[in-house]
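Examining the three-dimensional arrangement
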Amino acid sequence: MLPDAVAALRCPVCRGALRLLEKPQRTLTCPSGHHFDAARQGYFNLLTGKGTVFEADSAAMVAARQRFLDAGHYDDLAGAVAESVRAVLHGPESLVLDAGTGTGHYLHQAIQGSGTSAVGLDISKFALRRAARLNPEVANLVWDIWRPLPLANDTVDAVMVVFAPRNPAEFARVLRPGGTLVVVTPRPGHLAGIAERTGMLGIEEGKAERLAESMRGHFTSTSSVDLDIALTLRGPEMADLAYMGPAGHHLKDGKLAELAAFDGSVSTTAMFRISVFTVS
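On a predicted model such as this, the values are computed, not experimentally measured, just so you know. Residue numbering note: each chain is counted from 1, following its sequence as written. The predicted nature of this model means local features are confined to residues of pLDDT at least 70 and side-chain atom pairs, given and counted, to a pLDDT of 80 or more, with totals for whole chains, interfaces and linings taken over all residues. Water and hydrogen atoms were dropped before computing side-chain values, which therefore reflect all heavy atoms in the structure.

As a further point, take helix α5 (residues 125-134). Buried, partly exposed and exposed residues are distinguished by accessible area as a fraction of the type maximum, computed with a 1.4 Å probe on protein chains only: under 20%, between the cut-offs, and over 50%, respectively. Numbering goes from the N terminus for both helices and strands, where a helix is a DSSP run of H or I of at least four residues and a strand is a run of E of at least two. Within α5 the residues assigned to the buried category are Ala127, Leu128, Ala131 and Ala132. An end-on view of α5 places all buried positions within 135 degrees of arc, on one side of the element. In what follows, residue pairs with any heavy atoms lying within 4.5 Å of each other are defined as contacts. Tucked inside the fold, the buried residues of α5 contact α2 (59-70), β6 (117-122) and β7 (139-142). This arc corresponds to the set of directions leading from the helix axis out to the C-beta atoms.

The structure is reproduced here in structure tokens:
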């Protein structure tokens, strides 16, 4: 599956086709001689020059996310995303792009057992270390989604974006005609029962409308499904939930320790929207 995914990749320097060399070490190289060696954990860093101006998730944030997801709290969401992605695939010859793959948790659910090839992008090398272990046959790449994607035109069947930035023009470019984009966003009221306690920002009204507007000219809305997940969380689980997302970049150690030491449990509801778009 990895060679099939690599066939769709393009060099970030010259846009030449990349190929995979296994010896003396696993390397991606192009005809112009640009090469990118695999990290020991199995992912490739394609970012060149100054890299990215965005702050990548730290090792501690990624560890918190993996603990929370491995505990099964968002299993219903992972299943729903996998169902949306698999509905548009055509067997092993298909290619999935996970833009903002993180630890690879949602991509793993979407492609496991299907033989489908996949590319996972993220700016956090700490996340990709875990993604490469979970999905070793995926082309896991350090990349900034706001930059032109390192993929050829019309090579991807489905793009999935779970709580990650969206680059509609680039997604439309790499998708095949009729290709599908699956986007997961939180809805107003998401985790309202603990947002103030954890320092997480509330979800502003009009988010769905802004998503639709950003897709205009590139995608047509196909469907959307709302999913609510009731959660009862203990202190350490609340700490992981707060630390694993964007709020984790600003969460003070004292606040994190306070959450983890909370004696008892709190009930809240995770509220998601799964939006499906087709290339216009």
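Once you've had a look at it, read on.
Among the buried residues, those of types Ala, Val, Leu, Ile, Met, Phe, Trp, Tyr and Cys that are joined through side-chain atoms within 4.5 Å form a nonpolar core. Leu28 and Val119 are the most contacted members of the largest nonpolar core, which has 45 residues in total. The residues touching Leu28, leaving out its near neighbours within four places in the chain, are Val6, Leu9, Leu18, Arg19, Leu20, His34, His35, Phe36, Phe44, Leu46 and Leu141. If you look at the next biggest cluster of nonpolar residues, it comprises 43 residues, including Leu69, Val182, Leu227 and Met238.

A few words on the environment of Met160. If you trace the backbone, Met160 turns up in strand β8 (residues 156-162). On the accessibility criterion, Met160 (0% relative accessible area) is buried. With 69 residues separating them along the chain, Met160 and Gly91 place their C-alpha atoms 17 Å apart. Apart from the residues within four sequence positions on either side, Met160 is in contact with Val81, Val85, Val96, Leu97, Asp98, Ala99, Tyr106, Leu107, Ala110 and Val182.

Our next topic: the pairing of β6. With six of six residues buried, β6 is to be regarded as a mostly interior element. Here β6 shows a buried face lined by Ser117, Val119 and Leu121 and a second buried face lined by Ala118, Gly120 and Asp122. Look down the strands so they point away from you; if the path from the first strand over the helix to the second goes clockwise, the crossover is right-handed. Remark: the strand β5 (residues 95-99)/helix α4 (residues 105-111)/β6 crossover connection has right-handed handedness. As for the winding sense of the linkage, the β-α-β connection from β6 through α5 to β7 is right-handed.

Classification of ring pairs rests on two measures: the distance between centres of Phe, Tyr or Trp rings, Trp counted by its six-membered ring, which must be within 6.5 Å, and the angle between planes, read as stacked under 30 degrees, edge-to-face over 60 and tilted in between. Going through the model one piece at a time under the given rule, you end up with four aromatic pairs. Their ring planes at 85 degrees and their centres at 5.1 Å tell us that Tyr74 and Phe272 sit as a pair that is edge-to-face. With Tyr74 in the loop between α2 and α3 (75-86) and Phe272 in strand β11 (residues 265-279), this pair connects stretches of sequence that are 198 residues apart. Under the relative-accessibility criterion, Tyr74 is labelled buried at 2%. Aromatic pair Phe163 and Phe272: ring centres 5.5 Å apart, planes at 45 degrees, arrangement tilted. Here Phe272 lies in strand β11 and Phe163 lies in the loop between β8 and α6 (168-174), a separation of 109 residues in the sequence.

So, on to unusual backbone geometry. Following Lys23, the chain continues to Pro24 via a peptide bond in cis, the omega torsion being 5 degrees. Of note, the phi angle at Arg15 is positive, near 70 degrees, even though the residue is not glycine. Here Arg15 shows up in the loop between α1 (2-6) and β1 (19-21). For Arg15, a relative accessible area of 36% translates into the label partly exposed.

Two strands form a pair only when DSSP identifies at least two bridges running between them. Taken in spatial order, the eight strands of this open sheet run β4-β7-β6-β5-β8-β9-β11-β10, and their pairing is mixed. Unpaired on one side and paired on the other, β4 (44-45) and β10 (219-234) mark the two borders of the sheet. When β5 meets β8, the two strands line up parallel, connected through three bridges. Paired with Leu97 across the strands is Val159, a residue of β8. Axes, fitted as lines to C-alpha atoms, cover a helix only where it is in contact. Angles between the N-to-C directions of the axes lie from 0 to 180 degrees. Each of β6 and β7 is contacted by α5, which is oriented at about 175 degrees to β7, the strand it contacts most. In the packing of helix α9 (residues 235-243) onto the sheet, contacts are made with β10 and β11, and the angle to β10 comes to roughly 150 degrees.

By themselves, these figures tell us nothing about what the structure is for.
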